[in-house]
Amino acid sequence: IDVRMLGSGRPFYIQLVNARIFPDVESLVRVQEQINASHDRVKCHRLSCVTKEQTDIVKAAQQDKNKEYRCIIRTEGEVTGEMLERLNSIRDLTLDQDTPLRVLHRRTPLLRKRRILSVNARLLTEKEVAMVTNDSTTFSKRLLVAEVVSESGTYIKEFAHGDFGRTSPCVGSILGVRCDILSLDVVGLKIAWPPPPPASPDKGQSEMGE
(Lines give C-alpha, C1' and ligand atoms only; values in the text may rest on other atoms or scores of the structure.)
Protein backbone atom coordinates (compact mmCIF):
# COMPACT_ATOMS: atom_id res chain seq x y z
CA ILE A 1 0.00 0.00 0.00
CA ASP A 2 1.06 3.59 -0.57
CA VAL A 3 1.55 5.76 2.51
CA ARG A 4 0.12 9.27 2.34
CA MET A 5 1.80 12.18 4.12
CA LEU A 6 -0.99 14.31 5.58
CA GLY A 7 -1.03 17.01 8.25
CA SER A 8 1.55 19.71 7.67
CA GLY A 9 3.61 17.53 5.31
CA ARG A 10 7.09 15.99 5.36
CA PRO A 11 10.02 18.35 5.95
CA PHE A 12 12.79 18.33 3.36
CA TYR A 13 15.69 20.44 2.14
CA ILE A 14 17.65 20.75 -1.10
CA GLN A 15 21.31 21.68 -1.17
CA LEU A 16 22.52 24.22 -3.72
CA VAL A 17 26.22 23.63 -4.39
CA ASN A 18 28.30 26.53 -5.75
CA ALA A 19 25.17 28.59 -6.28
CA ARG A 20 25.86 31.80 -8.22
CA ILE A 21 22.46 33.35 -7.56
CA PHE A 22 20.95 33.33 -4.09
CA PRO A 23 17.16 32.72 -4.31
CA ASP A 24 15.00 35.56 -3.08
CA VAL A 25 11.46 35.28 -1.72
CA GLU A 26 9.84 36.02 -5.09
CA SER A 27 11.81 33.34 -6.94
CA LEU A 28 10.99 30.75 -4.27
CA VAL A 29 7.30 31.58 -4.59
CA ARG A 30 7.52 31.01 -8.36
CA VAL A 31 9.30 27.68 -7.87
CA GLN A 32 6.67 26.58 -5.37
CA GLU A 33 3.84 27.54 -7.74
CA GLN A 34 5.47 25.62 -10.61
CA ILE A 35 5.88 22.51 -8.46
CA ASN A 36 2.30 22.62 -7.22
CA ALA A 37 0.92 23.16 -10.74
CA SER A 38 2.85 20.21 -12.15
CA HIS A 39 1.23 17.48 -10.03
CA ASP A 40 -2.16 17.00 -8.40
CA ARG A 41 -1.02 14.61 -5.62
CA VAL A 42 2.24 16.14 -4.43
CA LYS A 43 2.39 19.71 -3.14
CA CYS A 44 4.97 21.79 -1.31
CA HIS A 45 4.57 24.92 0.79
CA ARG A 46 6.65 27.42 2.74
CA LEU A 47 9.76 27.17 0.59
CA SER A 48 12.47 29.25 2.19
CA CYS A 49 16.24 29.54 2.50
CA VAL A 50 17.98 27.97 5.48
CA THR A 51 21.59 27.57 6.55
CA LYS A 52 23.53 24.33 6.46
CA GLU A 53 23.56 24.28 10.26
CA GLN A 54 19.76 24.52 10.40
CA THR A 55 19.39 21.30 8.40
CA ASP A 56 20.48 19.47 11.56
CA ILE A 57 16.88 19.93 12.71
CA VAL A 58 15.66 17.54 10.01
CA LYS A 59 18.53 15.09 10.55
CA ALA A 60 17.88 14.92 14.28
CA ALA A 61 14.15 14.41 13.74
CA GLN A 62 14.82 11.17 11.86
CA GLN A 63 15.92 9.57 15.12
CA ASP A 64 14.54 11.66 17.97
CA LYS A 65 11.00 12.69 17.00
CA ASN A 66 7.76 10.76 17.32
CA LYS A 67 5.36 10.19 14.45
CA GLU A 68 1.59 9.99 14.41
CA TYR A 69 -0.13 7.54 12.06
CA ARG A 70 -3.68 6.61 11.14
CA CYS A 71 -4.32 3.17 9.65
CA ILE A 72 -7.21 0.91 8.73
CA ILE A 73 -6.74 -2.67 9.88
CA ARG A 74 -8.74 -5.74 8.83
CA THR A 75 -9.01 -8.70 11.20
CA GLU A 76 -9.89 -12.32 10.43
CA GLY A 77 -12.34 -12.51 13.33
CA GLU A 78 -14.76 -10.13 14.99
CA VAL A 79 -13.29 -7.62 17.42
CA THR A 80 -14.92 -7.30 20.81
CA GLY A 81 -14.92 -4.38 23.24
CA GLU A 82 -12.51 -6.25 25.53
CA MET A 83 -10.09 -6.72 22.65
CA LEU A 84 -10.23 -3.01 21.83
CA GLU A 85 -9.58 -2.12 25.47
CA ARG A 86 -6.52 -4.35 25.44
CA LEU A 87 -5.19 -2.64 22.32
CA ASN A 88 -5.98 0.87 23.55
CA SER A 89 -4.24 0.25 26.87
CA ILE A 90 -0.84 0.27 25.13
CA ARG A 91 1.54 2.80 26.62
CA ASP A 92 5.25 2.86 25.79
CA LEU A 93 5.29 -0.67 24.35
CA THR A 94 8.71 -1.95 23.20
CA LEU A 95 8.78 -3.92 19.94
CA ASP A 96 11.39 -6.32 18.58
CA GLN A 97 11.50 -5.58 14.85
CA ASP A 98 13.55 -7.57 12.38
CA THR A 99 14.15 -5.88 9.04
CA PRO A 100 10.82 -6.33 7.19
CA LEU A 101 10.66 -8.86 4.37
CA ARG A 102 9.40 -6.16 1.99
CA VAL A 103 12.64 -4.15 2.35
CA LEU A 104 15.08 -6.95 3.10
CA HIS A 105 16.54 -6.75 -0.42
CA ARG A 106 17.76 -3.21 0.22
CA ARG A 107 18.19 -3.00 4.01
CA THR A 108 20.71 -4.67 6.31
CA PRO A 109 19.19 -7.55 8.33
CA LEU A 110 18.99 -6.15 11.84
CA LEU A 111 16.94 -6.61 14.99
CA ARG A 112 15.74 -3.23 16.25
CA LYS A 113 14.06 -2.08 19.43
CA ARG A 114 11.26 0.39 18.68
CA ARG A 115 8.50 1.89 20.84
CA ILE A 116 4.78 2.34 20.40
CA LEU A 117 3.82 5.21 22.68
CA SER A 118 0.04 4.90 22.36
CA VAL A 119 -2.79 3.38 20.32
CA ASN A 120 -6.33 4.72 19.98
CA ALA A 121 -8.44 2.28 17.96
CA ARG A 122 -12.13 1.84 17.26
CA LEU A 123 -14.39 -0.14 14.96
CA LEU A 124 -15.44 1.58 11.76
CA THR A 125 -19.02 2.76 11.62
CA GLU A 126 -21.44 1.13 9.15
CA LYS A 127 -21.08 4.12 6.86
CA GLU A 128 -17.28 3.94 7.01
CA VAL A 129 -17.31 0.17 6.36
CA ALA A 130 -19.46 0.73 3.27
CA MET A 131 -16.79 3.10 1.95
CA VAL A 132 -14.11 0.40 2.32
CA THR A 133 -15.94 -2.73 1.13
CA ASN A 134 -19.16 -3.79 -0.58
CA ASP A 135 -19.58 -6.62 1.95
CA SER A 136 -20.48 -4.51 4.98
CA THR A 137 -22.21 -7.42 6.76
CA THR A 138 -19.11 -9.61 6.81
CA PHE A 139 -16.71 -6.86 7.82
CA SER A 140 -18.92 -4.84 10.21
CA LYS A 141 -16.85 -5.87 13.25
CA ARG A 142 -13.61 -6.67 11.49
CA LEU A 143 -12.40 -3.25 10.37
CA LEU A 144 -10.55 -0.94 12.74
CA VAL A 145 -9.22 2.57 12.43
CA ALA A 146 -6.22 3.06 14.70
CA GLU A 147 -4.30 6.19 15.58
CA VAL A 148 -0.77 5.20 16.52
CA VAL A 149 1.99 7.33 18.04
CA SER A 150 5.38 5.70 17.66
CA GLU A 151 9.07 6.29 17.92
CA SER A 152 10.61 7.46 14.65
CA GLY A 153 11.88 4.51 12.62
CA THR A 154 9.10 2.11 13.63
CA TYR A 155 7.68 -0.07 10.86
CA ILE A 156 3.95 0.50 11.34
CA LYS A 157 2.75 -1.89 8.65
CA GLU A 158 4.62 -4.70 10.37
CA PHE A 159 3.31 -3.62 13.76
CA ALA A 160 -0.17 -4.26 12.37
CA HIS A 161 0.30 -7.74 10.87
CA GLY A 162 3.50 -9.01 12.51
CA ASP A 163 5.43 -9.79 9.32
CA PHE A 164 5.34 -13.57 9.92
CA GLY A 165 6.71 -13.15 13.43
CA ARG A 166 9.45 -10.66 12.54
CA THR A 167 7.73 -7.91 14.57
CA SER A 168 6.68 -8.81 18.10
CA PRO A 169 4.35 -7.98 19.70
CA CYS A 170 1.97 -6.77 17.00
CA VAL A 171 -1.69 -5.78 16.75
CA GLY A 172 -2.54 -9.32 15.68
CA SER A 173 -0.87 -10.92 18.70
CA ILE A 174 -2.40 -8.37 21.08
CA LEU A 175 -5.92 -8.93 19.73
CA GLY A 176 -5.44 -12.66 19.28
CA VAL A 177 -6.52 -12.65 15.61
CA ARG A 178 -4.67 -12.38 12.32
CA CYS A 179 -4.58 -8.85 10.95
CA ASP A 180 -3.74 -7.05 7.74
CA ILE A 181 -3.34 -3.35 7.02
CA LEU A 182 -5.44 -1.72 4.30
CA SER A 183 -4.26 1.90 4.44
CA LEU A 184 -1.68 3.98 6.26
CA ASP A 185 -1.34 7.74 6.63
CA VAL A 186 1.26 9.83 8.40
CA VAL A 187 -0.79 12.52 10.11
CA GLY A 188 1.77 14.25 12.31
CA LEU A 189 5.49 14.86 12.67
CA LYS A 190 6.61 17.02 15.57
CA ILE A 191 9.24 19.27 14.01
CA ALA A 192 9.53 23.05 13.63
CA TRP A 193 10.38 23.42 9.94
CA PRO A 194 11.37 25.59 8.25
CA PRO A 195 13.07 27.66 10.96
CA PRO A 196 13.06 31.48 10.91
CA PRO A 197 15.11 32.90 8.01
CA PRO A 198 18.77 33.64 8.79
CA ALA A 199 19.81 37.26 9.13
CA SER A 200 22.82 37.03 6.81
CA PRO A 201 23.02 33.74 4.85
CA ASP A 202 26.23 32.48 3.29
CA LYS A 203 25.81 33.03 -0.45
CA GLY A 204 28.53 30.53 -1.33
CA GLN A 205 26.36 27.56 -0.44
CA SER A 206 22.76 27.37 0.76
CA GLU A 207 19.90 24.99 1.45
CA MET A 208 16.23 25.24 0.47
CA GLY A 209 13.70 23.68 2.83
CA GLU A 210 10.12 22.44 2.73
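Our structure's up above, just so we're on the same page.
Note that the structure is a prediction, hence the values are computed from the model and not measured.

A. Structural context of the overall build of the chain. Looking only at helices and strands, one finds 7 helices and 10 strands in the chain. For the chain, the C-alpha atoms occupy an extent of roughly 60 × 40 × 30 Å along the three principal directions. The buried share of the chain, reckoned over its 210 residues, is 39%. Long-range pairs, those at least 24 residues apart, make up 78% of the contacts in the chain between residues at least 6 apart in sequence. Total accessible area on the chain stands at roughly 12600 Å², and carbon and sulfur atoms take up 51% of it. On the chain, the mean spot of the 31 positive side-chain charges and the mean spot of the 28 negative ones are 2 Å from each other.

B. View of the nonpolar core. In this structure, Ile73, Leu87, Ile116, Val119, Val148, Phe159 and Leu175 are the most contacted members of the largest nonpolar core, which totals 26 residues. Going through the elements one at a time, strand S4 (66-75), helix H3 (81-88), strand S6 (111-123), strand S7 (143-151), helix H6 (156-161), helix H7 (171-175) and strand S9 (179-189) are the ones with two or more residues in this core. Among the elements that make up this core, the one with the highest residue count is S9 (4 residues).

C. Layout of a nonpolar patch on the surface. The grouping of Leu101, Leu104 and Phe164 at the surface amounts to a nonpolar patch, some 330 Å² of accessible area in total. With respect to the helices, strands and loops of the structure, Phe164 is situated in the loop between H6 and strand S8 (167-168).

D. Quick look at the sheet that holds S6. If you walk across this open sheet you meet the 7 strands as S1-S9-S4-S7-S6-S5-S8, and the pairing is mixed. On the outer flanks of this sheet lie strand S1 (3-5) and S8, each paired with one strand and no other. Judged from the 9 bridges that link them, S4 and S9 form a sheet pairing that is antiparallel. Looking at S9, one finds that Ile72 is bridged to Ser183. Seen against the sheet, H3 touches strand S5 (91-98), S6 and S7 and runs at an angle of roughly 140° to S6.

E. Inspection of the environment of Lys157 at higher detail. With respect to the helices and strands, Lys157 occurs in helix H6. Among the residues examined, Lys157 registers a relative accessible area of 14% and is labelled buried. With 10 residues separating them in the primary sequence, Lys157 and Thr167 have C-alpha atoms 9.8 Å apart.

F. Region of the structure containing the pattern of salt bridges. A full pass over the atoms with the stated rule returns 11 salt bridges. Between Glu147 and Arg70 there is a salt bridge, and its shortest N-O distance comes to 3.9 Å. Linking Glu147 in strand S7 with Arg70 in strand S4, this pair joins segments that are 77 residues apart in sequence. By relative accessible area, Arg70 is classed as partly exposed at 34%. Measuring nitrogen to oxygen at the nearest pair gives 2.5 Å for the salt bridge that ties Asp96 to Lys113. Of this pair, Asp96 sits in strand S5 while Lys113 sits in strand S6, and the two are 17 residues apart along the sequence. When salt bridges that share partners are traced, they join Asp92, Arg115 and Glu151 into one network.

G. Focus on the pairing of S5. Two elements, S5 and S6, share 7 bridges in a ladder whose sense is antiparallel. Each bridged residue has a counterpart across the sheet, and for Leu95 the counterpart in S6 is Arg114. Two elements, S5 and S8, share 2 bridges in a ladder whose sense is antiparallel. If you follow Gln97 over to S8, its bridge partner there is Thr167.

Definitions and cut-offs
Residues numbered from 1 in each chain as written. Predicted model: local features only at pLDDT ≥ 70, side-chain atom pairs only at ≥ 80, totals over all residues. Heavy atoms only, no water. Helix = DSSP H or I, 4+ residues; strand = E, 2+ residues; numbered from the N terminus. Buried < 20%, exposed > 50% of the residue type's maximum accessible area, 1.4 Å probe, protein only. Contact = heavy atoms within 4.5 Å. Areas by Shrake-Rupley, 256 points an atom, 1.4 Å probe, with all protein chains shown as cover. Lys, Arg positive; Asp, Glu negative; His and termini not counted. Charge placed at Lys NZ, Arg CZ, Asp CG, Glu CD. Core = buried A, V, L, I, M, F, W, Y, C linked by side-chain atoms within 4.5 Å. Patch = residues over 30% accessible without salt bridge, like charges linked within 9 Å, V, L, I, M, F, W, Y side chains within 5 Å. Salt bridge = Lys/Arg side-chain N within 4 Å of Asp/Glu carboxyl O. Pairing = 2+ DSSP bridges. Axes fitted to C-alpha atoms, helices over the stretch in contact; angles between N-to-C directions.

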